[in-house]
Structures are given as structure tokens and as C-alpha cells.
Amino acid sequence: MSTNTSQSAWNRYRSIPIVYRIGAAFVLGSLVGLIVGEPATRLQPLGDLFIRLLSMIVIPIVVFTLIMGVRELAPSTLGKVGGQVVALYAITSIIAVSIGLAIANLIDPGAGLTLTEAEFDTAEAPNIVEVFLGIVPENPIGAMAAGEVLPTIFFALVFGLALTIIREESHDETVHNGIDSIFNIMEAGAEALFKIVWGVMEYGVIGVFALMASVFGQAGADALVPFALLIVALAIAVTIHIAVVYLGGIIMLLTHQSPIAFLAGSKEAMITALSIRSSSGTLPVTMSNADENLRINEGVYGFSLPLGATINMDGTAMYQGVAAIFAANLVGVSLSIGEQITVVAIAVLASIGSAGVPGTGLIMLTLVLTQLGLPLQVVGFVAGVDPILDRMRTMTNITGDLAVATVVGHWNGAVDFGAGVWNGTVGEAATSD
């Protein structure tokens, strides 16, 4: 009977989404640290184990997911419309992470909370030229072995794109079969890594509890303000990006349409994204809004929206900028211009293969912190408030997907601005061709 009771309790525990369990661990660990005080720091080794597990999966995640991700960017799909979509996704992602960095530099989240035992790579910060040269590895295998994230990302992207080009151009069946085998291995490897990530995040409940107990046991209630500032900084950055880039820049300037109408046509997808925190899960609603409300031709949104759910991570990229400043403040250092450009490069390049990874924002943050030599303890700290941050990130991603689909449709005469939300009618059958 006791065995059945234990199994039932375990199943009930597992039925609770992992993000909420980690959130509960964040709260409980914080309370334990505040109540117990200094003795709570003895839990630190349990948190350190979580950090080591995260470090273990960084490079494998980059290699497997990016090579698998660029498989969708076959040259035959990247015609005029495809080129416009990919270019806009890249540009808006660069703007997003830049806004995140700018807001974080102004608000300074993490200031006042110091990780006295955290290690930081104090090597001299690279200048801008060194940052760009450093993207290209002299020895790709050596870069992977050394845990150098940015060169690994570059090589994985180049190698994956080369495979897709050869598959498109070669008429040799042996070559085709070989490349398909490589992609199948990458997909199988990525699936295996997703299982490992799942296991790491399951242990993360214990790891986050231990990390927060240790931090609050050492710093006391003063540690609350930096976390509140982290949430505020991302909220301000998201608001600016949606209002200025999507509504003001893309909708008003490029399509000369009403941003209010665009919001009216996108609201179901935005609310769904805010609720379920998944770009892929929101995709049916996003495509319905594009078709019925925004009246975009299926030939445009049928390509741009699924691709956006894979590679358009404006909200996630923005978060990397905010979190990088947060992490730097925790160890009492300032990121140079070159290091902040590195954050931009990693956030944009890594977004291509990030969508299928559970805990996308946290995994990408691990890549950024590893490249900058900042403490990975930050991943454990922000995991507790990640459900709040992730909702804002996902809503931003979805809004960007629809904005890009609208302007690309406009450029190619594939939006009916005389129907749907654009003239106040919603729910009628789409008529654009």
C-alpha cells in the first residue's frame, strides 16, 4: 500500500509543470535562506551540481540543434519571400537584444547583490575587431573542447548550411543518402539531448532551491530588489520593442496601416502566447489570426510563421541582453562594448536552433554566460522567475512573427488591406490570393 501511495504522490508531483515546480523551489529556497540565515549556505554543493549539469550540455546542444535547425533553410525555400522573411527576422532580433542591453544598462538589474564565491574570467575584454574575428574558429574541434560557444555556433551553422546546399545541388544518390543520415543522426542526438535537458531541469528543482537558500542565507532580504529589477527591465524592453519596432516601425512606416488594427488582429495569438509560453504551441492560433484577421495570403504566412516559430526569437534574444548585464552585476564587473556585441551575436545566431529545446531561454542564457566567462549560478537564480519572463518573451516572439508576415505580405501584394481588421470586419472568409 505504501508503495502505491508513494507512486501516486510521485505521479501527482510529476503532473505539475516543471516551470511551476522550479518557481516553487525558488520561493521555498528563498524563504529558507531568509529564515535560517548563514547555515543555509551549506546547501550550496547541491546548487553547484545543477550548474555543472548545465555546463555539461552546452556544446552538445549547440552542435546538434543548430545543424538540425538549418535543415529547414534549404536554398530552394529561400526565394524572394524567404529572403525577406529571414532578413527581417535577423534585423529585428539584433534590434531586440540591443534594446535589452540598453535598458539593462540604464536600470542595472543585479546591482547590490554580489556572488562572493562566483568565478569570473578576468581576461582582458576583447575589442570589436577581436569579437568578429573570434567568431571564426581556427580549430573547430578545439573550440568545442574548450567550450568556446560563439565559434562552435558559427561552425555548426556553416556545416549545416553546406549540407543543405549539397543536398539541393547534388544528383548523386549516395551523397543524398549520406547527408540524410547525418541529419537523422543530428535529430536523434538532439532528441537524446532533450531528454538529458529534461533530467537536468528535473534536478533543477533541488538545485534552484539550494542556490536560492544559499543566496538569501548570505545576502538576506536585500536580494529581493535585484530580481524585481530584472523583471521590470525585461518588461520595459518588451514594451519598447513591440511599440517602436513592430507597431511604429514595421506596421506604420512600412505598411502605412493602423497599429491598433494590427493589435486587434493579433490579440488572440498574443494572449495565447502569454498564457501557454510556447511559440510552437501558439502556431495554430497565430496562423488563424494571419488568415482570418490580418488577411495575409497563405503562401506568405504558411512559410513565415512556422519558420518564425523556429528562428525568430526576439523576446528571447532581448532577455539574453538583460540577463547578461544582471550576471555581470552579480560579480561586480561591467561588460565592455565588445562583450556586449558578443551577446548580440550569440543571441541572434543561437536562435536558429533554439525553438525545439525545452527551457529555450535558460539554455541560450547558459551559452551566453559561458562565452562571456560569467557565473552559471545566474541560470539557477533566474530559473525561479523564468515563468514570468518566459511569458513576456513568447508574446514578443509571436507578435514579431505576425508583424514580419504582414510587411512581407504587403511587399508582395499578398495582404488584403480592404478586409478583416484593416476595415473593421473580422471573421469573414479570407479573400486575398
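What you see is a predicted model; the values in this text were computed from it and never measured.

Let's talk about the pattern of salt bridges
Right, on to step 1. All chains considered together, the criterion is met by four salt bridges.
Right, on to step 2. The partner of Arg-21 in a salt bridge is Glu-202, with the nearest N and O atoms 2.8 Å apart. Here Glu-202 lies in helix H8 (residues 173-219) and Arg-21 lies in helix H2 (residues 18-36), a separation of 181 residues in the sequence.
Right, on to step 3. Judged by its relative accessible area of 6%, Arg-21 is buried.
Right, on to step 4. By relative accessible area, Glu-202 is classed as buried at 13%.
Right, on to step 5. Between Glu-268 and Lys-267 there is a salt bridge, with the nearest N and O atoms lying 3.7 Å from each other.

A look at the confidence of the model for the chain
Any segment with low pLDDT has predicted coordinates that should not be analysed in fine detail.
Right, on to step 1. Residues with a pLDDT of 70 or more make up 86% of the chain, whose mean pLDDT is 81.
Right, on to step 2. At the low end of the mean pLDDT range in the chain sits helix H5 (residues 128-134), at 68; at the high end sits helix H9 (residues 224-255), at 91.
Right, on to step 3. Confidence drops under a pLDDT of 50 for residues 120-125, and excluding neighbours within four residues, the segment shows eight contacts in the predicted structure.

Quick look at the packing of H9 against helix H17 (residues 386-411)
Right, on to step 1. It is at 10 Å that the axes of H9 and H17 come closest, and there the two elements cross at 10 degrees. Accordingly, the angle class assigned to the pair H9 and H17 is roughly parallel.
Right, on to step 2. Class assignment of the residues belonging to the contact of H9 with H17 gives a composition of 17 nonpolar, seven polar and one charged.

A closer look at the packing of aromatic side chains
Right, on to step 1. Across all of its chains, the model carries four aromatic pairs by this definition.
Right, on to step 2. An angle of 15 degrees between the planes, with centres 6.0 Å apart, marks the rings of Phe-155 and Phe-159 as stacked. You can see Phe-155 and its partner Phe-159 sitting in helix H7 (residues 149-169), four residues apart, about one turn around the helix.
Right, on to step 3. Residue Phe-159 is classed as partly exposed on the basis of its relative accessible area of 33%.
Right, on to step 4. Ring geometry for Phe-417 and Trp-422: centres 5.1 Å apart, planes at 80 degrees, overall edge-to-face.

Basis of the calculations
Residues numbered from 1 in each chain as written. Predicted model: local features only at pLDDT ≥ 70, side-chain atom pairs only at ≥ 80, totals over all residues. Heavy atoms only, no water. Salt bridge = Lys/Arg side-chain N within 4 Å of Asp/Glu carboxyl O. Helix = DSSP H or I, 4+ residues; strand = E, 2+ residues; numbered from the N terminus. Buried < 20%, exposed > 50% of the residue type's maximum accessible area, 1.4 Å probe, protein only. pLDDT = per-residue confidence, 0-100. Contact = heavy atoms within 4.5 Å. Axes fitted to C-alpha atoms, helices over the stretch in contact; angles between N-to-C directions. Parallel < 35°, antiparallel > 145°, perpendicular 65-115°, else oblique. Nonpolar A, V, L, I, M, F, W, Y, C, P; charged D, E, K, R; others polar. Phe/Tyr/Trp six-rings, centres within 6.5 Å; stacked < 30°, edge-to-face > 60°.

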